[in-house]
Number of protein chains: 2
Amino acid sequence: MTSAYQELSRTFQRLSRFGHLGAIAGVDMQTTMPPGGSQARGEAMAELSVFMHEVLTDKRLGGLFDAAQQESLNDVEQVNLSEMQRAWQQATLLPASLVEAKSLAGSRCEHAWRQQRPANDWQGFSANLKEVVKLSREEAQLRADALGVSRYDALLDVFEPGMTSAQLDQTFGDLKSWLPDLLQKAVAKQQQTPIAQPVGPFAIESQKQLGLSVMKTLGFDFNHGRLDVSAHPFCGGVPEDVRITTRYNENDFLSAMMGVIHETGHARYEQNLPKQWRGQPVAQARSTAIHESQSLFMEMQLGRSEAFLQHIHPQVVALMGDQPALALNNFIRQAQRVKPGFIRVDADELSYPAHVILRYEIERALIEGEIEVEDIPALWDEKMQQSLGIDTRGNYRDGCMQDIHWTDGAFGYFPTYTLGAMYAAQLFQAVKRAIPQVETLIQQGELQPVFDWLQQNIWQHGSRFPTQQLLINATGEALNPRYFRQHLEQRYLSE
Amino acid sequence: MTSAYQELSRTFQRLSRFGHLGAIAGVDMQTTMPPGGSQARGEAMAELSVFMHEVLTDKRLGGLFDAAQQESLNDVEQVNLSEMQRAWQQATLLPASLVEAKSLAGSRCEHAWRQQRPANDWQGFSANLKEVVKLSREEAQLRADALGVSRYDALLDVFEPGMTSAQLDQTFGDLKSWLPDLLQKAVAKQQQTPIAQPVGPFAIESQKQLGLSVMKTLGFDFNHGRLDVSAHPFCGGVPEDVRITTRYNENDFLSAMMGVIHETGHARYEQNLPKQWRGQPVAQARSTAIHESQSLFMEMQLGRSEAFLQHIHPQVVALMGDQPALALNNFIRQAQRVKPGFIRVDADELSYPAHVILRYEIERALIEGEIEVEDIPALWDEKMQQSLGIDTRGNYRDGCMQDIHWTDGAFGYFPTYTLGAMYAAQLFQAVKRAIPQVETLIQQGELQPVFDWLQQNIWQHGSRFPTQQLLINATGEALNPRYFRQHLEQRYLSE
Ligand SMILES: [Zn+2]
Ligand SMILES: [Zn+2]
């Protein structure tokens, strides 16, 4: 006889297989599809979402969860059961009408934003955003009621289960106490040595070769994945077939290369999620923040380190051609340059947290109902002025209209970027303790011990442990921003 | 209130959207997917098939069909209803266990064939094929019982509704009465003028440019489709996003180019299926044979005609480089060369029907139980000897193991190739009557009147009319092989 647990597993395996088709259709849409295909594709994807939502919110599942609780399950099965239940609860919490209304409002807002942003049209944009905020507050309220937490905390829980704004206030408060000063010092220090700008054009084909070569160095499994091109870089697909993308600029190979390194971090996590539980929730990535910790581990801890840059330098010169600005020292300075600016996605790792904390503070107040959409630009200006000394008055395009997250109603997502950066620094410190000679190994391109450590401590566990437990198991302690500080001081202030 | 017809339409629209995702995942699998993704992809696609089969065989549909018959429907809705019902009946006819067993046996047979063919291993192959034949006979019997026709006729009906072996016997019998003689004469005639072989390499990128340019000439809509590369050329995707592929050989650009022309014929049919009924069965291509008529119209009637070859010749020389073997006369001879050989997919249009008729005669006898799998090689040799004078004894690899159709149990498919060729010739004759100056127009690359004719007479109708009615409406008469004969005599025997 089939147990209730087995029936639930089968349902989630089905969902995973349908998700596979959606993921591949999504990748195709971003990388390959001709423009005229978008309406039919959108309809097909929406049909799939509706169907998957139906499967996930099937009333029969409630009884199966009750029955499965009584069955004798091993450790992993118990965790899997609770992850399945979590997914089911999160889905059943929201009435289909709200899900649909939010999806439509999000599409409308994002679609109009594509024209409104270049036109700097805050009036037009804010009208659509209000509808998204209204529906997101409704969603947050339903989640909050179910979880017994505040509205914003209920949204945070979607992206980083267990995270609270109380903890974020403390952690980000810590960052805010030392980061502005560190940033200022780093900028002053870098001003002492001028950085030469490499001169392109750098052939796209050579940039692609460089990307593939760096992916190989970072252990990307080309039998289960590939590199493509898209307007916005991403990591998509499924663990058995991970698709990463980058975009090329003939005058700036470093940006494409660092994008590839970042996405390779996401990809290696996906490719190494536990194979024995494939298709089950326990085999999925732990959270958005842990995912980002893996990409930032590769990009910030490894990729922009002196040791790694030394290792790949000969290859860079071989493929991009030799020129004074590609001398090793200048190449390293280039990759570690600190330059506060308007745009989050272009930010260096010292300015990045300021962008994130600003968005966190605004989106939390927005969801909690402490401010309204009209209040955003003034708050944005004020906070940008305080943290990075940048004036964005009247410049909505490079201010509060620069990102896509709010258009879709993905409130609660932004903090995961900086959580990921802090997790990554803490993990790398643990690697250093476990492998004292790690810098020499990196310089020699012998990265297998580092990958083994990640495999052992992060990748193989999927969603087996809550984030904080995973972090404690791996590093001996819960999130501690001091490792991030150490990393930044070491890289940007030491002589 | 929703009518029964509307509910049925909604169900078939859902099926079409799920089919969209399956089609794109299928294209990705052939063009893009890394090898390690194949197992998970196979599982996801199988899950989708099972689900779509469930939706299509839902018991509720029976009642809806009964109710919809009573509703007041316009002409198109009535046809759509009967096409829906046809799809439903064909699906419900077969028990899920048989569908699954056949799919598994087919996969096993095809998978092993990939190794067995190069190894010329008939013993190994025939053991698997027997299972496929056994299950195909069961399927044929169930279909035959439902339709009240013979087993093989019931399979034919899947690919060309309404076609019978009685009509095929007559039509193919006609072909057999004059084609061998025509072929012999054509070969003798061509031997009088030696054909020079163009010397490569021809850069893949230039071949791709040539393909794209020819697609443009043939009116391919790049906003709703694209050209990619795969091991076996195909036309896939959905009407809103049609993907065609070719494969490149550095020493033979003509084969890739003709492949592109052929698939563009399939693509234009798909791209121009009636937009107002999208997602409904009535908007789908009429049949496999009509589909092939559109590809062969482009390839054989247009693509290899002197007028068309004259038109594209300057472009060919510009992209492939000038050389004596690319002089216009030799280029035309090359494209119209007749050379009987072992392999169907490499055959010229004069030898092709012999390959198809041979397979038709064998597969019909096999399905009707008149012969067994063991009898195939001897029959193959005998018929190959008779029709093309080719000795395949002991050479299974280039004989009865060359194709993939039987491994999957697609019995009844082969005849559609030659039906398509005959339909295409008959359609082109009608075009000539409608547009007397058509050859001059083709030579000038002014193909719009030809496309308009196809749009008017074939594309826009989808499945609105039965094949023979479609043909009568377009050409004034039912299938008549004499137009195919005229076309071949004109091209290959006239001075
Ligand atoms: Zn990332
Ligand atoms: Zn074809």
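Everything here concerns the structure above.
Residues numbered from 1 in each chain as written. Chains lettered and ligands numbered in written order. Predicted model: local features only at pLDDT ≥ 70, side-chain atom pairs only at ≥ 80, totals over all residues. Heavy atoms only, no water.

Trainee: An account of the environment of E495 of chain A is needed here, citing residue identities and associated values.
Mentor: Residue and element names in this part refer to chain A. Position of E495 relative to the elements: it lies in the segment after α20 (482-492). Overall, the relative accessible area of 88% leaves E495 in the exposed class. Separated by 306 residues in the primary sequence, E495 and K189 have C-alpha atoms spaced 9.6 Å apart. (Helix = DSSP H or I, 4+ residues; strand = E, 2+ residues; numbered from the N terminus. Buried < 20%, exposed > 50% of the residue type's maximum accessible area, 1.4 Å probe, protein only.)

Trainee: Provide a residue-level description of the coordination of the zinc ion (ligand 2), including the pertinent values.
Mentor: All names here are of chain B. Coordination of the zinc ion (ligand 2) by the protein is provided by H262 (NE2), H266 (NE2) and E292 (OE), with metal-donor distances spanning 2.1 to 2.3 Å. Mapping the donors of the zinc ion (ligand 2) onto the primary sequence yields the spacing H-x3-H-x25-E. Taken together, the positions of H266 in helix α10 (residues 253-271) and E292 in helix α11 (residues 288-303) put the pair 26 residues apart, joining distant regions of the chain. Overall, the relative accessible area of 9% leaves E292 in the buried class. (Donors = N, O, S within 2.8 Å, 3.2 Å for Na, K, Ca; no water.)

Trainee: Tell me about the side chain of S463 of chain B, residues and numbers included.
Mentor: Among the structural elements, S463 of chain B can be located in the loop between α18 (448-457) and α19 (467-475). Ignoring any residue separated from it by four or fewer positions in sequence, one finds S463 of chain B in contact with V79, E83, P281, V282, Q284, A285 and R286 of chain B. (Contact = heavy atoms within 4.5 Å.)

Trainee: How would you summarise the interface of chain B and chain A if you had to cite specific residues and measurements?
Mentor: On the chain A side, the residues contacting the 32 residues of chain B number 32 residues. Sorting the residues of chain B by area buried against chain A places R17, L21 and E47 of chain B first, and these three jointly supply 22% of that buried surface. Applying the counting criterion to the chain B and chain A interface returns 12 salt bridges. Across the pair D241 of chain A and R41 of chain B runs a salt bridge, and its minimum N-O distance is 3.2 Å. The interface formed by chain B and chain A holds 18 residue pairs in polar contact (both at pLDDT 80 or more) in total. Of all the elements in the fold, those that place two or more residues in the side of chain B that touches chain A are α1 (4-31), α2 (38-56), β1 (225-229) and β3 (241-246) of chain B. (Buried area = accessible area lost by both parts, 1.4 Å probe. Salt bridge = Lys/Arg side-chain N within 4 Å of Asp/Glu carboxyl O. Polar contact = N/O pair within 3.5 Å; in protein donor to acceptor, adjacent residues only side chain to side chain.)

Trainee: So what's going on with the sheet that holds strand β1 (residues 225-229) of chain A? Which residues, and what values?
Mentor: All names here are of chain A. Read across the sheet, three strands follow the order β1-β3-β2 without closing on themselves; strand pairing throughout is mixed. Where the open sheet ends on each side, the last strands, each with one partner, are β1 and β2 (235-238). Across the sheet, the axes of successive neighbouring strands diverge by a mean angle of 25 degrees, strand direction being ignored. Direction of pairing for β2 relative to strand β3 (residues 241-246): antiparallel, over a ladder of four bridges. Within β3, the residue paired with G236 across the bridge is R243. Strands β1, β2 and β3 of the sheet are contacted by helix α1 (residues 4-31), whose axis makes an angle of about 140 degrees with β2. (Pairing = 2+ DSSP bridges. Axes fitted to C-alpha atoms, helices over the stretch in contact; angles between N-to-C directions.)

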